[in-house]
Amino acid sequence: MADTDDLVIFRKHYDFTLYFYPVIDNFPKREKFAMCTKLKNKLYRIMDLIIDANETQGSKIRFLDRIDDELKRLKVQIRLAKDCSKKIRRNWPSSGRLD
């Protein structure tokens with residue numbers, strides 16, 4: 001069993017999480033709780049699965065399959081967040097007034 005910090009998959013996901021946190025923090029306030037919480041929880045879930053896969057003595061395939069599933073869900077959620085953000089900006093009054 002390798003040290004988790006030595007795993008390429010762990011380092012890549014850790015770096016992605018560090019990169020993505022400021023992006024999440026710049027979401028519109030109305031999305032901060034629901035969408036941001038969901039994205040952050042998904043990032044933590046994937047990290048937990050990577051650690052669990054590293055610590056298991058048996059086959060890691062089931063963990064890798066679960067990681068793959070979670071990454072697919074994260075990808076869809078990120079795309080949804082991006083599309084929602086564009087729509088919010090497009091529909092927001094350009095003058096800043098709420099007449």
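Before any of the text, the structure's been laid out above.
This structure is a prediction, so every number in the text was calculated from the model and none was measured.

What counts and what doesn't
- Each chain has its residues counted from 1, running along the sequence as written.
- Only residues with pLDDT of at least 70 get local features here, since the model is predicted, and only at 80 or more are side-chain atom pairs given and counted; chain-wide, interface and lining totals rely on the full set of residues.
- Each side-chain value is worked out from all heavy atoms of the structure, with water and hydrogens disregarded.
- Secondary structure counts use DSSP, requiring at least four H or I residues in a row for a helix and at least two E residues in a row for a strand, with both numbered from the N terminus.
- Here the expected span of a helix is defined as 1.5 Å times the quantity of residues minus one.
- Values of bend correspond, residue by residue, to the angle between axes fitted over the seven residues ending at that residue and the seven starting there.
- Only heavy atoms matter for contacts: two residues are in contact if any of them lie within 4.5 Å across the pair.
- Axis definition: a line fit to C-alpha positions, over the contact stretch in the case of helices; interaxial angles, taken between N-to-C directions, run 0 to 180 degrees.
- Each angle is binned into one of four classes, with values under 35 degrees roughly parallel, values over 145 roughly antiparallel, values of 65 to 115 roughly perpendicular, and all other values oblique.
- Amino acid classes used here: Ala, Val, Leu, Ile, Met, Phe, Trp, Tyr, Cys and Pro are nonpolar; Asp, Glu, Lys and Arg are charged; the rest, including Gly, are polar.
- Buried means the residue's accessible area, taken with a 1.4 Å probe over protein chains only, is under 20% of the maximum for its type, while exposed means over 50%, and partly exposed covers the values in between.
- To define a nonpolar core, start from buried Ala, Val, Leu, Ile, Met, Phe, Trp, Tyr and Cys residues and group those joined through side-chain atoms within 4.5 Å.

### Focus on helix α1 (residues 8–25)
Part 1 of the argument: For α1, spanning 18 residues, the distance from its first C-alpha to its last is 26 Å, which sits close to the expected 26 Å at 1.5 Å a residue.
Part 2 of the argument: Y19 marks the point of greatest bend in α1, at about 25 degrees, and the proline P22 comes within the next four residues.

### Points about the side chain of E70
Part 1 of the argument: One can find E70 in helix α4 (residues 61–91).
Part 2 of the argument: Residue contacts for E70: discarding those within four places in its chain leaves K42, R45, I46 and L49.

### Details of the packing of α1 against helix α3 (residues 34–55)
Part 1 of the argument: The contact between α1 and α3 brings their axes to 11 Å, and the two run at 170 degrees. Classified by the angle their axes make, α1 and α3 are roughly antiparallel. Facing α1, whose interface residues are I9, F10, H13, Y14, F16, T17, F20, Y21, I24 and D25, α3 presents C36, L39, K40, L43, Y44, I46, M47, I50 and I51.
Part 2 of the argument: Counted by class, the contact of α1 with α3 contains 15 nonpolar, two polar and two charged residues.

### Comments concerning the environment of E31
Part 1 of the argument: Turning to its location among the elements, E31 is positioned in helix α2 (residues 29–32).
Part 2 of the argument: Using a relative accessible area of 16% as the deciding quantity, one classes E31 as buried.
Part 3 of the argument: Along the primary structure E31 and S85 are separated by 54 residues, whereas in three dimensions their C-alpha atoms are 9.1 Å apart.

### Focus: the nonpolar core
Part 1 of the argument: Ranked by internal contacts, the top residues of the largest apolar core, which has 17 residues, are I24, F27 and L39.
Part 2 of the argument: Secondary structure elements with two or more residues in this core: α1, α3 and α4.
Part 3 of the argument: It is α3 that contributes the most residues to this core, nine residues altogether.
Part 4 of the argument: Apart from the residues lying within four places of it in its own chain, the contact partners of F27 are K32, M35, C36, L39 and A81.

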